[in-house]
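Breakdown of the fold
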Amino acid sequence: MHFRSILPLSLLPLSLLPLTTLALRPRDERVLNTTVLILGGGMTGVSAAHSLAIDRNITDFLVLEARHELGGRVQQGKIGDLNIELGANWVEGLGTNPIWTLAQKYGINNRYSNWSNIDYFTEDGWQDETGSLAQALTRYEEDVFIKASADAGRRKALGLPDLSMKAGLRVAGWNPLTPEERAAEYFSHDWEQAEPPVESSFIGTIEVYNETFIEFGNSDNHLVIDQGGYKQVIIKYGDEIPNFQDKVLFNEVVETIEYRSDGVTVKTASGLTVNAEYALCTFSLGVLQHDDVAFEPALPDWKQDAIANFHLATYMKIFAKFPTKFWNDTEFALYADADERGYYAVWQSLDAPGFYEGSKSIFATLTSDAAYHAELQTDEEVQADFVAVLRDMYGAENVPDPIDFTFPRWTLDPLFRGTFTNWGAGVTVKQQDDMRAPVGGDAETERRLFFAGEHTSRKYFGYLHGAFFEGRMAAHNLGDCVLFNCMESDGTTLAKRDAMEFELNKVGATHGRLRKRMWG
Ligand SMILES: Cc1cc2nc3c(=O)[nH]c(=O)nc-3n(C[C@H](O)[C@H](O)[C@H](O)COP(=O)(O)OP(=O)(O)OC[C@H]3O[C@@H](n4cnc5c(N)ncnc54)[C@H](O)[C@@H]3O)c2cc1C
Ligand SMILES: *[C@@H]1O[C@H](CO)[C@@H](O)[C@H](O)[C@H]1NC(C)=O
Ligand SMILES: *[C@@H]1O[C@H](CO)[C@@H](O)[C@H](O)[C@H]1NC(C)=O
Ligand SMILES: *[C@@H]1O[C@H](CO)[C@@H](O)[C@H](O)[C@H]1NC(C)=O
Ligand SMILES: *[C@@H]1O[C@H](CO)[C@@H](O)[C@H](O)[C@H]1NC(C)=O
Ligand SMILES: *[C@@H]1O[C@H](CO)[C@@H](O)[C@H](O)[C@H]1NC(C)=O
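Positions within a chain are numbered from 1, following the residues in the order the chain's sequence is written. Think of it this way: whatever chain is written first is A, whatever ligand is written first is 1, and the rest follow in order. Local features in this predicted model are restricted to residues of pLDDT 70 or higher, and side-chain atom pairs are both shown and tallied only at a pLDDT of 80 or more, whereas totals for entire chains, interfaces and linings draw on every residue. Only heavy atoms go into the side-chain values, all of them from the structure, while hydrogens and water stay out.

The name given to the protein in an unreviewed UniProt entry is Amine oxidase, and the organism recorded there is Morchella conica CCBAS932.

See below:
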């Protein structure tokens, strides 16, 4: 395959290209053929490529990525001179979490992040850990959540229907009324799931919590503080794949995905056409929901329903650098706004001891409606709201104007359309299976276009490790098609195999775990 000789042309400024070269290369001339085409160079795409090449020895594949680098939702921005993480930032749950293994293997700098190290603020000002806000948080974490967890486990075991998280918490005795109770609930629930309890599945929320914070064997979170970026986990994992740099095509925005019983044809905005025997689409749930890519034929109704019913939540970090550090050495600040639940409620210092000391930088996180609202505001309006809350918290006289200010608009970005998946109340396991299910011809041996991403993870939706496991899972399923014509290696049909019960360890993968079917 000699596309490398073609590709650099698209990177040259037009003025450097002889006119004849352009004339000889009309938009639609560039056609590549490959066995497997991976769409998207985030964690899922790179994990799938790694598994295809290294676990299954399938080396004829290509990756198409719209951006200029690997990483997807793991990407950096800048505040002052400091590189910061606009997307994923924590390794959540250590222990056997494969991302933790990789972060250590690649020497990516990180530090224990203490989610209990909080300064508390209400509209009446600062409180210590004996105040009403800390008390509300303690009650939620140490009483209500424990009861709710056990109840969700009981309901799952009995096969009872799911509830909303709101209802599950109410059954556990939690009826938040005060600003402090509402802020405590926001910090414990929304700040992790990025949607409010009423929109979240009860069993799904507890289950995803248990899998990451209990089953990995170490519930700690480490914040990546590496100027090279958290994305190095993905880039260095890619570097382990032989000749990977020759297989990834950057700056290629996929516009159409045509699937048939005998293959897949993908066209990009630059005029590239790729024919593949099989393809794996790892675009975010939001990209699928917003019709940013055209499928030909349209995806079947059962799949469109599943895509529509899942939630891609939004978790928006807003960063500022100030001329002075007017806040304490505490890692977090929690603010209970009297009127609007979750309004600039959670603050995180980058200047805390052991992090980027001296950076005079801090960020707030908005989720859901507050984030959607801010994305539609101008930068100046967002900065004004951000500073106004800090002035309420720390006193107007102590808070100068920021010297730098930045935030991403994830929901408006056609490459993402949100940040990570939340399991919505009323969403079924069957719908997730439908979202993951391949399409192609009618017969099972005609599966051609596969789907994977953090959103297809039963146990770890929303997390980087979810994307890691799903990419590998998809590579195994797709690999069975490449190697055995979509049959088991012994020639039996795959039809009865539940993807989630497939044991990854059987092909010698290092991080494999037996994945059991969850609720429903
Ligand atoms: C703000 C934020 C905070 C997060 N915090 C954490 C955290 O602390 N810890 C954690 O574990 N997880 C966190 N996550 C979740 C984690 O980042 C994701 O689960 C994971 O990165 C998803 O990987 P993916 O490969 O499934 O999807 P993506 O990373 O979205 O990869 C898909 C790729 O497809 C590309 N693409 C999209 N459309 C097209 C197109 N038309 N043509 C070509 N390419 C296209 C995209 O550019 C992208 O590179 C966070 C995410 C965000 C956004
Ligand atoms: C790609 O495959 C098609 C048929 O599937 C064939 O007609 C074409 O010549 C191939 N192109 C290249 C560049 O190999
Ligand atoms: C991988 O496949 C190639 C052919 O594509 C073959 O030459 C090689 O021996 C295989 N390696 C392993 C470890 O099976
Ligand atoms: C986390 O912070 C809390 C509150 O400041 C403190 O009591 C606790 O010891 C800290 N935990 C660790 C492991 O540092
Ligand atoms: C989650 O873990 C807790 C504590 O081990 C357990 O009581 C509960 O049953 C689990 N819940 C679910 C839904 O798995
Ligand atoms: C932390 O900050 C608040 C508000 O700025 C202040 O009132 C309080 O005394 C500080 N506490 C410590 C321990 O520095």
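**A few points about the pattern of salt bridges**
Rules: Take a side-chain nitrogen of Lys or Arg and a carboxyl oxygen of Asp or Glu: if they are within 4 Å of each other, that pair is a salt bridge.
Applying the stated criterion across every chain yields a total of 24 salt bridges. Three or more residues are tied together by salt bridges with common partners; here these are Asp433, Arg436, Arg458 and Glu470.

**Topic: the sheet that holds strand S9 (residues 221-224)**
Selection rule: Between any two strands, at least two bridges found by DSSP are needed for them to pair. To qualify as a helix, a DSSP run of H or I must reach at least 4 residues; to qualify as a strand, a run of E must reach at least 2; elements of each kind are numbered from the N terminus. To get an axis, fit a line to the C-alpha atoms, keeping to the stretch in contact for a helix; angles then go from 0 to 180 degrees between the N-to-C directions.
In spatial order, the strands read S5-S9-S6; together these 3 strands make up an open sheet with antiparallel pairing. Strands with a single pairing partner mark the edges of an open sheet, and in this sheet they are strand S5 (90-92) and strand S6 (110-112). Adjacent strand axes in the sheet meet at a mean angle of 30° when their direction is disregarded. Where S5 meets S9, 3 bridges bridge the pair, whose relative direction is antiparallel. Looking at the pairing, Glu92 lines up with Asn221 of S9.

**Observations concerning the nonpolar core**
Applied cut-off: We define a nonpolar core as any set of buried Ala, Val, Leu, Ile, Met, Phe, Trp, Tyr and Cys residues linked to one another through side-chain atoms lying within 4.5 Å. Here's how the labels work: a residue is buried when its accessible area is under 20% of the maximum for its type, exposed when over 50%, partly exposed in between, all with a 1.4 Å probe on protein chains only. Only heavy atoms matter for contacts: two residues are in contact if any of them lie within 4.5 Å across the pair.
Counting 44 residues, the largest nonpolar core has Ile38, Met43, Leu52, Phe61, Ile99, Tyr230 and Phe244 as the members making the most contacts within it. Elements supplying a minimum of two residues to this core: strand S1 (31-39), helix H3 (43-55), strand S2 (61-64), helix H4 (98-105), helix H9 (232-239), strand S13 (273-281) and helix H15 (464-484). Looking at this core, the element that brings in the most residues is H15, giving 8 residues. Residue contacts for Ile38: discarding those within four places in its chain leaves Gly45, Ala48, Ala49, Leu52, Phe61, Leu62, Val63, Leu64 and Leu280. If you look at the next biggest cluster of nonpolar residues, it comprises 38 residues, including Phe213, Leu288, Val439 and Phe451.

**Examining the sheet that holds strand S16 (residues 315-321)**
Strand pairing in a sheet relies on backbone hydrogen bonds, with the paired strands running either antiparallel or parallel. One open sheet accounts for 7 strands, arranged S8-S7-S17-S18-S19-S16-S20; its pairing is mixed. Two strands lie at the open edges of the sheet, namely strand S8 (125-127) and strand S20 (404-406), each paired on one side alone. Each strand axis lies, on average, 25° off the axis of its neighbour in the sheet, ignoring direction. Relative to S8, strand S7 (residues 118-122) runs antiparallel, the two being bridged by 3 bridges. Bridged to Phe121 within S8 is Trp126.

**With respect to the state of the cysteines**
The criterion, for reference: Count a disulfide wherever a pair of cysteine sulfur atoms falls within 2.5 Å.
Applying the stated criterion across every chain yields a total of 1 disulfide. Note on cysteine connectivity: Cys481 is disulfide-linked to Cys486, with sulfurs 2.0 Å apart. Taking the torsion about the sulfur-sulfur bond, which here is approximately 115°, the covalent link between Cys481 and Cys486 counts as right-handed. Exposure remark for Cys481: the relative accessible area of 1% places this residue in the buried category.

**Thoughts on the packing of aromatic side chains**
Pairs of aromatic rings are described using the distance from one ring centre to the other and the angle between the two planes. To be explicit about the condition: For this analysis, a ring pair means two rings from Phe, Tyr or Trp (six-membered ring only for Trp) whose centres lie within 6.5 Å, classed as stacked if their planes differ by under 30 degrees, edge-to-face if by over 60, and tilted for the remaining angles.
Applying the stated rule across the entire model yields 34 aromatic pairs. Considering the side-chain rings of Phe326 and Trp327, the 4.8 Å spacing of their centres and the 85° angle between planes classify their relative orientation as edge-to-face. Judged by relative accessible area, which is 14%, Phe326 ranks as buried. Residue Trp327 is classed as buried on the basis of its relative accessible area, which comes to 5%. Centroid distance Tyr460 to Phe469: 5.3 Å. Interplanar angle 25°. Geometry classified as stacked. Taking relative accessible area as the criterion, Tyr460 reaches 1% and is therefore assigned buried.

**Remarks on the packing of helix H5 (residues 132-158) against helix H8 (residues 202-215)**
Short version of the rule: In these notes the angle categories are as follows: under 35 degrees is roughly parallel, over 145 is roughly antiparallel, 65 to 115 is roughly perpendicular, and the rest is oblique. Ten residues, namely Ala, Val, Leu, Ile, Met, Phe, Trp, Tyr, Cys and Pro, are considered nonpolar, four, namely Asp, Glu, Lys and Arg, are considered charged, and the remaining ones, Gly among them, are considered polar.
Contact pair H5 / H8: the axes reach a minimum separation of 9 Å and the direction vectors enclose 105°. Judged by the angle between their axes, H5 and H8 are roughly perpendicular. The residues of H8 that touch H5, namely those facing Phe145, Ala148, Ser149, Asp151, Ala152, Arg155 and Lys156, are Phe202, Ile203, Ile206, Glu207, Tyr209 and Asn210. Broken down by class, the residue content of the contact of H5 with H8 amounts to 7 nonpolar, 2 polar and 4 charged.

**Concerning a negative patch on the surface**
Under the convention used in this document: Patch definition: residues with relative accessible area over 30% and no salt bridge; like charges joined within 9 Å; nonpolar side chains (Val, Leu, Ile, Met, Phe, Trp, Tyr) joined within 5 Å. To be clear on the numbers: accessible area is Shrake-Rupley with a 1.4 Å probe, and residue cover counts the displayed protein chains and nothing else. Charged residues are defined here as Lys and Arg on the positive side and Asp and Glu on the negative side; His and the ends of the chain fall outside this count. Every charge is mapped onto a representative atom, which is NZ of Lys, CZ of Arg, CG of Asp or CD of Glu.
Among the surface-exposed residues, Glu123, Asp124, Glu199, Asp339, Glu340, Asp369 and Asp392 lie close enough to one another that they form a single negatively charged patch. By secondary structure assignment, the location of Asp369 is in helix H12 (residues 368-376).

**Concerning helix H11 (residues 301-309)**
In plain terms, the rule: It is the directions from the helix axis to the C-beta atoms whose arc is reported.
Buried within H11 are the following residues: Lys303, Ala306 and Ile307. The buried residues of H11 all sit within an arc of 100° when viewed along its axis, so they share a single face. More than 90 degrees from the buried face of H11, the exposed residues found are Asp301, Asp305 and Ala308. Contact partners of the buried residues in H11: helix H10 (285-289), helix H14 (429-436), strand S22 (439-440) and strand S23 (447-451).

**Structural notes on the site of ligand 1**
Stated formally: Proximity is defined per residue: if any heavy atom of the residue lies within 4 Å of a molecule or strand, that residue is considered near it. Each polar contact in these results corresponds to two N or O atoms within 3.5 Å; when the atoms are within protein, one needs to be able to donate a hydrogen and the other to accept it, and residues that are neighboring in sequence are counted only if both atoms are side-chain atoms.
In the vicinity of ligand 1 lie 36 residues, with Thr44, Glu65, Arg73, Val254 and Leu464 positioned nearest. Taking Glu92, its side chain carries an N or O atom lying 3.4 Å from an oxygen atom of ligand 1. One nitrogen or oxygen atom from the main chain of Glu454 is found 3.2 Å from an oxygen atom belonging to ligand 1. Starting from 1000 Å² of accessible surface for ligand 1 in isolation, the protein chains cover 99%. Secondary-structure elements contributing two or more residues to the shell around ligand 1 are H3, S5 and H15. Broken down by class, the residue content of the shell around ligand 1 amounts to 18 nonpolar, 12 polar and 6 charged.

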